[in-house]
Amino acid sequence: ATSETIHTSTVITVSGDFLAPSLLSSLDGGSGMVDVLHALGVTHVSLGNHEADVPTEALRRHIEGDKFEWVNTNLRGLDDALDTYTEECILLEVGDHALDADSRESNSKKTVAILGLLSDDAGLYRPDAFEGATAGMESPADAIERIM
């Protein structure tokens, strides 16, 4: 897990299925969507089953070149299959002034985990999805238990 200290009050995440939502994505490999997400200030993304709908090389380029961090908790074979790197889990230290459970202000920092979990339902993926990495996919429940 990577640990970061965030010096902003906003973390924006997208939980997958953003590279191939439209006809344009089939033409540009998701670049138009990524431009929009960059403009919105997205900080972290994870994979969805539709990320397998763009060509493998386009997905690799996005993982390596996009401004946001890619979080991939339960499809760890993807990194080898695509010869790239995704974070398994990101721990963010947030807040000097957080609200506690009773909604009173406290001066403690909190740690937040960002996970990127794909469904392990084999029916959602083509046999060659993610260069075959789905064959070794861990269930979301098992991945959460392992990480936490």
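In what follows, the structure referred to is the one given above.
This report concerns the structure included in the present document. As the structure is a computational prediction, the values presented were derived from the model and not from experiment. (Residues numbered from 1 in each chain as written. Predicted model: local features only at pLDDT ≥ 70, side-chain atom pairs only at ≥ 80, totals over all residues. Heavy atoms only, no water.)

**Looking at the overall build of the protein**
At step 1: Each helix and strand in the protein was counted, giving five helices and eight strands.
At step 2: Scanning the protein from its N terminus toward the C terminus, one meets helices and strands in the order β-β-α-α-β-α-β-α-β-β-β-β-α.
At step 3: In the protein, which comprises 148 residues, the share counted as buried stands at 39%.
At step 4: The long-range share in the protein, meaning contacts at least 24 apart out of those at least 6 apart in sequence, stands at 61%. (Helix = DSSP H or I, 4+ residues; strand = E, 2+ residues; numbered from the N terminus. Buried < 20%, exposed > 50% of the residue type's maximum accessible area, 1.4 Å probe, protein only. Contact = heavy atoms within 4.5 Å.)

**Describing the side chain of glutamate 51**
At step 1: With respect to the element layout, glutamate 51 can be found in the loop between strand E3 (44-46) and helix H3 (56-65).
At step 2: Despite its burial, glutamate 51 pairs with no opposite charge, the nearest such side chain being arginine 126 at 11 Å.
At step 3: There is a polar contact of 2.6 Å between the side chain of glutamate 51 and the backbone nitrogen of aspartate 17.
At step 4: In terms of polar contacts, glutamate 51 uses its side chain to reach the backbone amide nitrogen of leucine 19, at 2.8 Å. (Lys, Arg positive; Asp, Glu negative; His and termini not counted. Salt bridge = Lys/Arg side-chain N within 4 Å of Asp/Glu carboxyl O. Polar contact = N/O pair within 3.5 Å; in protein donor to acceptor, adjacent residues only side chain to side chain.)

**Some words on the sheet that holds strand E4 (residues 69-71)**
At step 1: With respect to topology, three strands assemble into an open sheet ordered E2-E3-E4, the strand pairing being parallel. The sheet is open, and its two borders are formed by strand E2 (13-14) and E4, each paired with just one other strand.
At step 2: Sheet topology places E3 next to E4; three bridges connect them, and they run parallel. In the sheet register, valine 45 faces E4, and the bridge partner there is tryptophan 70. (Pairing = 2+ DSSP bridges.)

**So, a nonpolar patch on the surface**
At step 1: The grouping of Leu117, Ile144 and Met148 at the surface amounts to a nonpolar patch, some 270 Å² of accessible area in total.
At step 2: Among the secondary structure elements, isoleucine 144 is positioned in helix H5 (residues 140-147). (Patch = residues over 30% accessible without salt bridge, like charges linked within 9 Å, V, L, I, M, F, W, Y side chains within 5 Å. Areas by Shrake-Rupley, 256 points an atom, 1.4 Å probe, with all protein chains shown as cover.)

**Side note on the pattern of salt bridges**
At step 1: This model, assessed by the stated rule, comprises six salt bridges.
At step 2: When the shortest N-O distance is used, the salt bridge between aspartate 79 and arginine 76 registers 3.0 Å.
At step 3: You can call aspartate 79 buried: its relative accessible area is 8%.
At step 4: Notably, a salt bridge pairs glutamate 88 with arginine 146, separated by 2.4 Å at the nearest N-O pair. With glutamate 88 in the loop between helix H4 (77-82) and strand E5 (89-94) and arginine 146 in helix H5, the pair connects residues that are 58 residues apart, well separated along the chain.
At step 5: Here glutamate 88 falls in the partly exposed class, since its relative accessible area comes to 22%.

**Some details on helix H2 (residues 31-40)**
Think of an α-helix as turning once every 3.6 residues; residues three or four places apart then point the same way.
At step 1: All of the buried residues in H2 are Gly32, Val34 and Leu37.
At step 2: Looking at the buried positions of H2, the neighbouring elements they touch are E2, helix H1 (23-28) and H3.

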